[in-house]
Amino acid sequence: MTLATEPFILNIGPLHPSTHGVFRMRVVLDGEIIQDVEPVFGYLHRGVEKLFEQRTYKQNIPLSDRLDYVSAINNNWPYVMAVEQLANISVPQRAEYLRVIMAELQRIASHLLAVGSVMNDMGIFFTAFMYMFREREKIVDLLEMVTGQRLLYNYMRFGGVSQDIPTEFLPALDRFLKVMPGYLDEYDTMLAGNEILLSRTKGIGVLKAETAINNSASGPLLRGSGVNWDLRKSAPYSVYDKFEFDVPLGTAGDCYDRYIIRMAEMRQSLRIIKQAVEQMPAGKEKTPTPLRLRPHAGETYTQVESPRGMLGCYLVSDGTEKPYRCHFRAPAFINLTVLKELLIGQKLADAIIIFGSIDISMGEVDR
Amino acid sequence: MSTAFLLPATIAPDWPGNFWWHLLIMTVLLIAVLMISVIMFIWLERRVIARFQARVGPNRAGPFGLLQSFADVIKILTKEDIIPALADKPLFWIAPAMAFVPVLMILAVIPLSDGLQLADINVGVVYISAVSAITAIGIFMSGMSSNNKYSLIGAMREIAQLISFEIPMLLALAGLVMASSSMSISGVIGAQTIPFALTQPLAFVVFVIALLAEINRTPFDLVEADSELTAGFNTEYSGMKFAVLYLTEYSEAVVGSILISTFFLGGWRGPFLPGIIWLVIKMLASFFVILWIRSTIPRFRIDQSMKLAWKTLLPLAMFNLFIMAVKTVFAPGLTNWVAVPVYLAITAVIIIYWARFMRPGRQSVGI
């Protein structure tokens, strides 16, 4: 005798503790096994790209902070670079170094949040999360020292950065650079060898390199599958060609590799910051730009490596003081395209972890 | 130190209706003990876990935040009591009581001190395991009746978990019964001149793990897995009914730590201090271990937890039974301290050897 069965449709989100914002997955379940997934997004759509067309070039910088609100400084960068290219603004060397230092600090903060929330999805009941926030707090303090803000920094300007670092910043950064490797070691001892953590992440959500490339995934998701593609190395922008650092690569492409890569990238970021502090020249932090900036008509595409992957900005100018079109290549959004392939056939509990390991930020996905 | 003032035996045996006085006093006492411990355990849990997580925890209401739980209770009781429109109303109403009452019933056979016991029935061990399983039915009812898909999955998991972990738990207790040649709880305590945690360490390990699953504590809190199922079986509950379910959870934790102390740590037995103080000390120690596990270990996936029950705990419990059987037949008098290291060594060898084959998550069983 066979029992009549019907698909069990479960809505995960948009109000759900593990969807990292207002993402929604419409999941078809068979018992605990996922048969089909339909991602639904747009709940946080604010029309940012249209807003860019309504404001002047300078007014748009704080808007770009609000794309990916957990790595605001990295989000300023492609937009600022695009305008600099169109308007032929040169950036002082010191400003480039300041940008690198701040962006790498921001990358560590973002990765801490990403790893911490995956641990939360796994059910460590906030312990790992709180520990990582302890260190993120130190970074936020550093960023606050320079910019005066704690979440959306509005730091970059055309031709430089908004302000130079205060005198107390470098000693504080030095203290942070000294203690942070110890904290990362602490995480490794507490998490990386945990048998349950291994069993929950190893071999779960395996993303093949080919699939990742075909879906144009980027960032830790792509590098977890073993593809060596980091814009800081592959197509160096700013002053990244002057630093020595490695690009950590995964082998299996599972959740564990993505976790390990984020941990390793934090160490590499520390290396970059250390070198940047040593090499940073004296000088001005900003080239003066006209208040009413009117770049030449034309278009450009710039990209940086944000904590989530390749963050691009496509900017079209028609010679007026407002952009004609501004489009962002949001890495979190494009990384989400592999979600369906990763989730089908997995268990419900794993789906949450896989989704968390992609590390999205809804502000960037929905824009 | 005399504890005579605590004993109901101080009521003269020829007092008319002695049985009823005993019943009344003990019932009131047990409910009071349970309620006070629940309130204190909630406070303790929040403070201890806060310490684990580098936080402070509730410290505003009353000294050390001791009144926080009272404030929470008042808040919960004044909340609107919502029943979902399509819920199965009778089941929805009765489920919290169905879950809570059995927990209270377990306490009836537990001696809080020497002779301070509501009923010393001669099949106490069987009674406890039978009654404790009813709680799961209550939780299943609450999940099934609330017409919520998260709750339904939670309910499904609860039953799967109950069936799997009840068996190793009972087998672990069978070793105790064999060693103490009595099924009454006071008989089991009476046999513990050396606590069973030392003479049957294997059973101790199995029992504690199975108990964690029975009371839905991390790493087996799949039923309310907050990162996947929002709140699991109690998603739709609010107001008084939610309070009762919450009370059930913590009563289970209290009774769970009482069971650990009674079965394996010698119950009220101990030098110098009155029995009830010893019981409280042992309870707190057991509860601390439960909290420690909760704040540091990620959650199992459902198939991994099933696998742990059937492939690891069940054989280990059987090993323990085998060792006890051999001991009872060939060396019945062997319960002195010399034997303890032998038991511990055997346990360590078996667990380490078994763990090499049984790593959770390397493969999955269908559910």
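Quick caveat: nothing in here was measured; it's all calculated off a predicted structure.

With respect to the overall build of chain B
From N to C terminus, chain B includes 13 helices and zero strands. Going from the N terminus to the C terminus, chain B shows its helices and strands as α-α-α-α-α-α-α-α-α-α-α-α-α. Taking 367 residues into account, the globule formula puts the C-alpha radius of gyration at 21 Å, and chain B, at 21 Å, falls close to it. Referenced to the eigenvectors of the C-alpha coordinate spread, the extents of chain B come out at roughly 65 × 60 × 40 Å. Contacts in chain B between residues at least 24 apart in sequence constitute 78% of all its contacts with a sequence separation of at least 6.

What to know about the overall build of chain A
A count of helices and strands for chain A gives 15 helices and eight strands. Radius of gyration (C-alpha) of chain A: 21 Å, near the 21 Å computed for a compact globule of 367 residues. C-alpha extents for chain A along the principal axes are approximately 80 × 45 × 35 Å. Residue burial in chain A is summarised as follows: out of 367 residues, 49% are buried. The long-range fraction of contacts in chain A, counting pairs at least 24 apart against all pairs at least 6 apart in sequence, stands at 70%.

What to know about the interface of chain B and chain A
Taken together, the 26 residues of chain B in the interface contact 29 residues of chain A. Secondary-structure elements contributing two or more residues to the side of chain B that touches chain A are α9 (226–229), α11 (275–296) and α12 (302–330) of chain B. Classifying every residue of the side of chain B that touches chain A by side-chain character gives ten nonpolar, eight polar and eight charged.

Here's the deal with the packing of helix α2 (residues 68–77) of chain B against helix α10 (residues 239–264) of chain B
All names here are of chain B. Viewed as axis vectors pointing N to C, α2 and α10 meet at an angle of 140°, and their least axial separation amounts to 7 Å. By the criterion of interaxial angle, the relationship of α2 to α10 is oblique. Contact residues: Val73, Ile76 and Leu77 in α2; Gly239, Met240, Phe242 and Ala243 in α10.

So, the environment of Gln161(B)
Residues and elements named next belong to chain B. Inspection of the secondary structure assignment puts Gln161 in helix α5 (residues 149–180). A residue is classified by how many C-beta atoms lie within 10 Å of it, and Gln161, with 25 of them, is buried. Separated by 44 residues in the primary sequence, Gln161 and Gln117 place their C-alpha atoms 31 Å from one another. Setting aside residues up to four positions removed in sequence, Gln161 forms contacts with Ala213, Phe220, Leu222, Val223 and Ser305.

With respect to the sheet that holds strand β1 (residues 8–12) of chain A
Sheet strands pair by backbone hydrogen bonding; their relative direction is either parallel or antiparallel. Residue and element names in this part refer to chain A. Taken together, the three strands give an open sheet; going across it, the order is β1-β2-β3, and neighbouring strands pair in antiparallel fashion. The outermost strands of the open sheet, each flanked by one partner alone, are β1 and β3 (33–40). Averaged over neighbouring strand pairs, the angle between their axes works out to 20° when direction is ignored. Both strand β2 (residues 24–30) and β3 contribute to a ladder of seven bridges, which runs antiparallel. Within β3, the position partnered with Val27 by the bridge is Val37.

Digging into the nonpolar core
Val206(B), Phe207(B) and Ala210(B) are the most contacted members of the largest nonpolar core, which has 201 residues in total. Here this core gets 17 residues from one element, more than from any other, and that element is helix α4 (residues 93–122) of chain A. Once residues within four sequence positions are removed from consideration, Phe207(B) is found in contact with Met169(B), Ala172(B), Phe263(B) and Phe264(B).

Here's the deal with the confidence of the model for chain B
Across chain B, pLDDT averages 82, with 91% of residues at or above 70. Interface confidence in the predicted complex, given as ipTM, is 0.82; pTM for the same model is 0.85.

With respect to the packing of helix α4 (residues 124–145) of chain B against α5(B)
Residue and element names in this part refer to chain B. Two elements in contact, α4 and α5, have axes whose closest approach is 9 Å; the angle formed by their N-to-C orientations is 175°. On the basis of their axis angle, the class for α4 and α5 is roughly antiparallel. The segment α4 lies against α5, with Val125, Ser129, Ala133, Ala136, Ile139, Phe140, Gly143 and Met144 engaging Ser151, Leu152, Gly154, Ala155, Glu158, Ile159, Leu162, Glu166, Met169, Leu170, Leu173 and Val177. Split into classes, the residues belonging to the contact of α4 with α5 amount to 14 nonpolar, four polar and two charged.

Observations concerning the environment of Gln279(A)
Residues and elements named next belong to chain A. In this fold, Gln279 is placed in helix α11 (residues 255–279). Sequence separation between Gln279 and Tyr97 is 182 residues, and the spatial gap between their C-alpha atoms is 8.2 Å. Contacts of Gln279, omitting those with residues within four sequence positions, involve Tyr97 and Lys242.

Concerning the environment of Leu291(B)
Residues and elements named next belong to chain B. Looking at the secondary structure, you find Leu291 in helix α11. Along the sequence, Leu291 and Ala253 sit 38 residues apart, while their C-alpha atoms lie 10.0 Å from each other. In this structure, Leu291 is in contact with Glu45, Val48 and Ile49, ignoring residues within four places of it in sequence.

So, the sheet that holds strand β6 (residues 298–306) of chain A
Residues and elements named next belong to chain A. Across the sheet, three strands lie side by side as β6-β7-β8; this open sheet has antiparallel pairing. At either end of the open sheet lies a strand with only one pairing partner, and these are β6 and β8 (323–329). Within this sheet the neighbouring strands show an average axis-to-axis angle of 15°, counted without direction. The strands that helix α3 (residues 72–87) touches are β6 and β7 (309–317); relative to β6, the one it contacts most, it runs at about 150°.

Considerations on α3(A)
Residues and elements named next belong to chain A. Helix length check: α3 (16 residues) gives 23 Å between terminal C-alpha atoms against 22 Å at 1.5 Å per residue, within 8%. Counting buried positions along α3 yields 14 of 16 residues, so the element is predominantly enclosed. Just past α3, the residue Asn88 takes up positive phi, approximately 55°.

A closer look at unusual backbone geometry
The backbone of Asp359(A) shows a phi angle near 60°, a positive value even though the residue is not glycine. Following the sequence through the fold, Asp359(A) ends up in the loop between α14 (348–358) and α15 (362–366). Accessibility expressed as a C-beta count within 10 Å gives 26 for Asp359(A), which makes it buried. Of note, the phi angle at Ala54(B) is positive, near 60°, even though the residue is not glycine. By secondary structure assignment, the location of Ala54(B) is in the loop between α1 (18–52) and α2.

What to know about the pairing of β2(A)
Taken together, the five bridges between β1(A) and β2(A) define a ladder with antiparallel strand orientation. Residue Phe8(A) lies in a different strand from β2(A), and its bridge partner there is Leu29(A).

Quick look at α5(B)
Residues and elements named next belong to chain B. Counted at 1.5 Å a residue, the expected span for α5 with its 32 residues is 46 Å, and the 46 Å between its end C-alpha atoms agrees. The sharpest bend along α5 reaches about 25° and sits at Glu166, with the proline Pro168 one to four residues further on. In the segment just after α5, Ser181 is the residue with positive phi, at about 40°.

Cut-offs applied
Residues numbered from 1 in each chain as written. Chains lettered and ligands numbered in written order. Predicted model: local features only at pLDDT ≥ 70, side-chain atom pairs only at ≥ 80, totals over all residues. Helix = DSSP H or I, 4+ residues; strand = E, 2+ residues; numbered from the N terminus. Rg over C-alpha atoms; globule rule 2.2 N^0.38 Å. Contact = placed C-beta atoms within 7 Å. Buried ≥ 20, exposed ≤ 12 C-beta atoms within 10 Å, placed from the backbone. Nonpolar A, V, L, I, M, F, W, Y, C, P; charged D, E, K, R; others polar. Axes fitted to C-alpha atoms, helices over the stretch in contact; angles between N-to-C directions. Parallel < 35°, antiparallel > 145°, perpendicular 65-115°, else oblique. Pairing = 2+ DSSP bridges. Core = buried A, V, L, I, M, F, W, Y, C linked by C-beta atoms within 7 Å. pLDDT = per-residue confidence, 0-100. Expected span 1.5 Å × (residues − 1). Bend = angle between axes of the 7 residues up to and from the residue.

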